[in-house]
Amino acid sequence: MPPSLEPIVKFFTCSISLLAVLIIHTKVLAQNRFVPNYDESAIPAYELPSALITNQGAAVTDASIWKESRRPEILELFAAEVYGRGPEACEIQHQTISKKSNAIGGKAIRREVDVKMLTGSRSTTMRLLIYTPKSAASVPVFIGLNFQGNHTVDAADDISITKNWVRNRGDVKNNRATEATRGTAAGRWPIETIIDRGYGLVTIYYGDIDPDFADGFQNGIHPQFEKEMSSVPQGERWGSIAAWAYALSRAVDYFEQDETIDAERVAVIGHSRLGKTSLWAGATDPRFKLVISNNSGCGGAALSRRAVGETVARINTSFPHWFCDNYLKYNQNENACPVDQHMLIGLIAPRAVYVASATGDKWADPRGEFLSCIHADPIYRLLGNSGMGSSGPPAEFPTAQAPINSGRVGYHLRTGKHDVTDYDWAQYLDFADRHVK
Ligand code: GCU
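All values derive from a computational prediction rather than experimental measurement. In this numbering scheme, every chain counts its residues from 1 along its sequence in written order. Confidence filtering applies because this is a predicted model: local features only for residues at pLDDT of at least 70, side-chain atom pairs given and counted only at 80 or more, and all residues used for totals across whole chains, interfaces and linings. With hydrogens and water excluded, all non-hydrogen atoms of the structure serve as input to the side-chain values.

Undergrad: I'd like to hear about the site of the ligand, residue by residue, with values.
TA: Only heavy atoms are used to decide nearness, and a residue is near a molecule or strand if one of them lies within 4 Å of it. Neighbouring residues of the ligand: Ser-272, Arg-273, Lys-276, Glu-310, Ile-315, Phe-319, Trp-322, Trp-363 and His-418. A distance of 2.5 Å is found between an oxygen atom of the ligand and a side-chain nitrogen or oxygen belonging to Arg-273. Pairing of N or O atoms within 3.5 Å defines a polar contact, subject to two protein rules: one partner must be a possible hydrogen donor and the other a possible acceptor, and residues neighboring in sequence count only if both atoms are side-chain atoms. Lys-276 has a polar side-chain atom sitting 2.8 Å from an oxygen atom of the ligand. For the ligand, whose unbound accessible area comes to 320 Å², protein coverage reaches 80%. Polar here means any residue outside two lists: the nonpolar Ala, Val, Leu, Ile, Met, Phe, Trp, Tyr, Cys and Pro, and the charged Asp, Glu, Lys and Arg; Gly therefore counts as polar. Residues that form the shell around the ligand fall into these classes: 4 nonpolar, 2 polar and 3 charged. Using a 1.4 Å probe, accessible areas were evaluated by the Shrake-Rupley method; residue-level cover was limited to the displayed protein chains.

This is the structure:
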């Protein structure tokens, strides 16, 4: 080759190798990029573990076998393999921080009560924002955790603003809540309607319990239980969902000491990751008489084996702190898990449960959420209840805005996005009237 061509040839060879490297790199990236499946015909073959066959293979034929042996087995499997084991109930102390006798247009009493969860000399304090109708003593209540702070559920200017970590979003910068975020979540909490219907509402900022990011459980409630947890194998230790659920139970411990709240009539509600939390709270604590899962999806109401939308591998990668380490075993290996989420709903039986999906929330797999209810139905029937309805579970996935609510397992598909709306609350209040009030 003439020497004058050498630089040109060199240039082209270099460019071609660079291009090759780029192509390989993009391919690797594409392989790692998660592509959710929404195609029913592409769902992997699966068989659900049976809720009504014991670990030893015996059929669960009556309520007493369920209560005495199968239910404890399933609860144990969820604790060891999915959410992790939490500690026993700790001591609590409470202190009223504020009281307003004319909240919500004069209809409600609004209080802020600090509940301190104590272990030896260590503690975590959560602030309960409590609304009770003025006209009644000892009311049934809804309790639900909130995402951005108690001051976001109501625009009132005198609700205290959390000093704890808050996710940056909108007006929240540097992980600190600001005045500007007062009332920003009010659309999800129709307090006046709840009060008018004769219920109280209690909400707690979830970051008071455990800030929602992976830090090896250095902050929040986990570290105070170091001693209690030392005998629990690493893979089975509680994650954040279990911690949030644990605190919901400690709030009920407090209700037992508050004469304005009827601790026997408590409904727990949660949206999304907090819907996963309300289901686990309902499974672990029978004092929740109604459990509401709003758009909870993967690790909540949706069947994991369908792997539609968010999958176990994906959730464990994005949110490694939510579940226990053992749950990692089921990344792209859902069939190996001894439980699926219909069994979580079954743990709530015979108490009432309501699962809600939204048409625009495909990530949470609405049909998978519905199928969990369908597969939990036989457990309710075994316990002598109507499950999804006295004439049997529905044969078809319902259309939107057509709630299934005549039995103890309620379900609806709502039009619209991943959210909590007045439509959702209207269904929950009607259902609560039948099962809590
Ligand atoms: C993400 C996550 C979901 C979760 C949701 C939420 O979308 O993937 O699992 O339910 O956040 O909590 O808002």
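Having put the structure on the table, let's press on.
Undergrad: Give me the lowdown on the side chain of Asn-37, citing residues and values where you can.
TA: Mapped onto the elements, Asn-37 comes out in the loop between helix H1 (6–32) and helix H2 (63–83). Among the polar contacts made by the side chain of Asn-37, one reaches the main-chain amide nitrogen of Asp-39 at a distance of 2.9 Å. If we skip the residues at most four places from it in the chain, Asn-37 touches Ala-42, Ile-43, Ala-307, Val-308 and Gly-309. For helices the rule is a DSSP run of H or I covering at least 4 residues; for strands it is a run of E covering at least 2, with both sets numbered from the N terminus onward. Two residues form a contact once any of their heavy atoms are found within 4.5 Å.

Undergrad: Explain the sheet that holds strand E7 (residues 288–294) to me, and be specific about the residues and the numbers.
TA: If DSSP finds at least two bridges between two strands, the strands pair. Pairing in this open sheet of 9 strands is mixed, and the strands run E1-E2-E3-E5-E4-E6-E7-E8-E9 from one edge to the other. Taken across any chain shown, the strands that pair with only one partner, and hence form the sheet edges, are strand E1 (91–102) and strand E9 (409–414). Pairs of neighbouring strands in the sheet enclose a mean axial angle of 20 degrees, with direction left out of account. Both strand E3 (residues 122–133) and strand E5 (residues 200–205) contribute to a ladder of 4 bridges, which runs antiparallel. From the neighbouring strand, Ile-130 faces E5, where its bridge partner is Val-202. Axes here refer to lines fitted to C-alpha atoms; in helices the fit is confined to the stretch in contact. Angles between the N-to-C directions go from 0 to 180 degrees.

Undergrad: Give a detailed account of helix H10 (residues 366–382), specifying residues and quantitative values.
TA: Along its 17 residues, H10 runs 26 Å from first to last C-alpha, staying within 8% of the 24 Å computed at 1.5 Å per residue. Each residue is assigned to one of three classes by its accessible area relative to the maximum for its type, calculated with a 1.4 Å probe on protein chains only: buried under 20%, partly exposed between the two thresholds, exposed over 50%. Counting buried positions along H10 gives 12 out of 17 residues, so the element sits mostly inside the fold. For H10, the full list of buried residues reads Pro-366, Gly-368, Glu-369, Phe-370, Leu-371, Ser-372, Cys-373, Ile-374, Ala-376, Asp-377, Ile-379 and Tyr-380. Where H10 is buried, its residues contact H2, helix H9 (341–348), strand E8 (352–358) and E9. After H10 finishes, the residue Gly-384 shows a positive phi value of roughly 85 degrees. Between the first and last residue of a helix there are one fewer steps than residues, each counted as 1.5 Å, and that sum is the expected span.

Undergrad: Residues and numbers for the pairing of strand E2 (residues 108–119), please.
TA: Along E2, 10 of the 12 residues are buried, which leaves the element largely enclosed by surrounding structure. In the sheet, E1 pairs with E2 via 9 bridges, with the strands oriented antiparallel. Bridge pairing in E2 links Gln-95 to Asp-114. Across 12 bridges, the pairing between E2 and E3 is antiparallel. Within the sheet, the bridge partner assigned to Met-117 lies in E3 and is Thr-124. As consecutive antiparallel partners, E2 and E3 are separated by 2 residues, and within that stretch Gly-120 has a phi angle of approximately 55 degrees, a positive value.

Undergrad: Run through the nonpolar core, naming residues and quoting values.
TA: Working definition of a nonpolar core: buried Ala, Val, Leu, Ile, Met, Phe, Trp, Tyr and Cys residues. They are joined through side-chain atoms within 4.5 Å. With 93 residues, the main nonpolar core has Phe-78, Leu-128, Ile-143, Phe-255 and Trp-280 as its most contacted residues. For this core, the element with the highest residue contribution is helix H6 (residues 240–255), accounting for 12 residues. If we ignore the near neighbours within four places in the chain, the residues touching Phe-78 are Tyr-83, Gly-84, Trp-280, Val-339, Asp-340, Gln-341, Met-343, Leu-344 and Leu-347. Counting 29 residues, the second-largest nonpolar core is a separate cluster that includes Ile-194, Ile-195, Val-420 and Tyr-428.

Undergrad: Report on the environment of Cys-324, specifying residues and quantitative values.
TA: Topologically, Cys-324 is positioned in the loop between helix H8 (312–318) and H9. Taking the C-alpha atoms as reference points, Cys-324 and Arg-85, 239 residues apart in sequence, are found 8.2 Å from one another. Discounting residues that sit within four places of it in the chain, Cys-324 has contacts with Ala-79, Ala-80, Glu-81, Val-82, Tyr-83, Gly-84, Gly-235, Glu-236 and Arg-237.

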